[in-house]
Amino acid sequence: MTKVIHCREVGFDCDGVIRANSEEEALQMAAEHAKTVHGMDKVSPEVVAKLKSIIREEAARPTH
Ligand SMILES: [Zn+2]
């Protein structure tokens, strides 16, 4: 299952979508995105909790 985070759901006015193969990777990528795109200098435990709460699973696309 692909883990998906929609940046907008974190509270940013942003169409960014983070996709990763694990929750850990998705959280890392979201933290990096928040830093580089939104200028958030550190990702607090509250933000991580928020990210975890909005993480979604997306079924892999059918291959054919
Ligand atoms: Zn964003």
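As a reminder, the structure under discussion sits directly above these lines.
Residues numbered from 1 in each chain as written. Predicted model: local features only at pLDDT ≥ 70, side-chain atom pairs only at ≥ 80, totals over all residues. Heavy atoms only, no water.

## A look at the overall build of the protein chain
Part 1: What the protein chain contains, in helices and strands, is three helices and three strands.
Part 2: In the protein chain, the order of α-helices and β-strands from amino to carboxyl end is β-α-β-α-α-β.
Part 3: Relative to the 2.2 N^0.38 estimate, which gives 11 Å for 64 residues, the radius of gyration of the protein chain is 12 Å and therefore close to what a compact globule would have.
Part 4: Along the three orthogonal principal directions, the C-alpha set of the protein chain runs to about 40 × 20 × 15 Å.
Part 5: A total of 64 residues make up the protein chain; the buried ones form 31% of that total.
Part 6: When contacts within the protein chain are restricted to residue pairs at least 6 apart in sequence, long-range pairs at least 24 apart make up 47% of them.
Part 7: In the form shown here, the protein chain has an accessible surface area of approximately 4500 Å², with 49% of it arising from carbon and sulfur atoms.
Part 8: When the 9 positive and 11 negative side-chain charges of the protein chain are each reduced to one mean point, those points stand 2 Å apart. (Helix = DSSP H or I, 4+ residues; strand = E, 2+ residues; numbered from the N terminus. Rg over C-alpha atoms; globule rule 2.2 N^0.38 Å. Buried < 20%, exposed > 50% of the residue type's maximum accessible area, 1.4 Å probe, protein only. Contact = heavy atoms within 4.5 Å. Areas by Shrake-Rupley, 256 points an atom, 1.4 Å probe, with all protein chains shown as cover. Lys, Arg positive; Asp, Glu negative; His and termini not counted. Charge placed at Lys NZ, Arg CZ, Asp CG, Glu CD.)

## Some details on the coordination of the zinc ion
Part 1: Distances from the zinc ion to its protein donors, Cys7 (SG), Cys14 (SG), His33 (NE2) and His38 (NE2), fall within 2.0 to 2.3 Å.
Part 2: Around the zinc ion, the four donor atoms sit at angles spanning 102 to 118 degrees, and that spread fits a shape best called tetrahedral.
Part 3: Read in sequence order, the donor residues for the zinc ion give the motif C-x6-C-x18-H-x4-H. In this pair, Cys7 is assigned in helix α1 (residues 7–10) and His33 in helix α2 (residues 23–38), connecting sequence segments 26 residues apart. Each member of the pair, Cys7 as well as His33, is classed as buried. (Donors = N, O, S within 2.8 Å, 3.2 Å for Na, K, Ca; no water. Tetrahedral: all angles 85-135°; square planar, octahedral: opposite > 155°, others 65-115°.)

## Notes on the nonpolar core
Part 1: Formed by Ile5, Ile18, Ala20, Ala26, Leu27, Ala30, Val47, Leu51, Ile54 and Ile55, the largest nonpolar core amounts to 10 residues.
Part 2: Residue assignment for this core shows that the elements contributing at least two residues are β2 (17–20), α2 and α3 (45–54).
Part 3: With residues up to four places along the chain from it excluded, the contact list for Ala30 reads Ile5, Ile18 and Leu51. (Core = buried A, V, L, I, M, F, W, Y, C linked by side-chain atoms within 4.5 Å.)

## Focus on the pairing of strand β1 (residues 2–6)
Part 1: Within β1, four of the five residues are buried, leaving the element largely enclosed by the surrounding structure.
Part 2: Pairing geometry for β1 and strand β3 (residues 56–58), over three bridges, is antiparallel. Paired with Thr2 across the strands is Glu58, a residue of β3.
Part 3: Bridge analysis of β1 against β2 gives four bridges, and the strand direction is antiparallel. Opposite Val4, over in β2, you have Arg19 as the bridge partner. (Pairing = 2+ DSSP bridges.)

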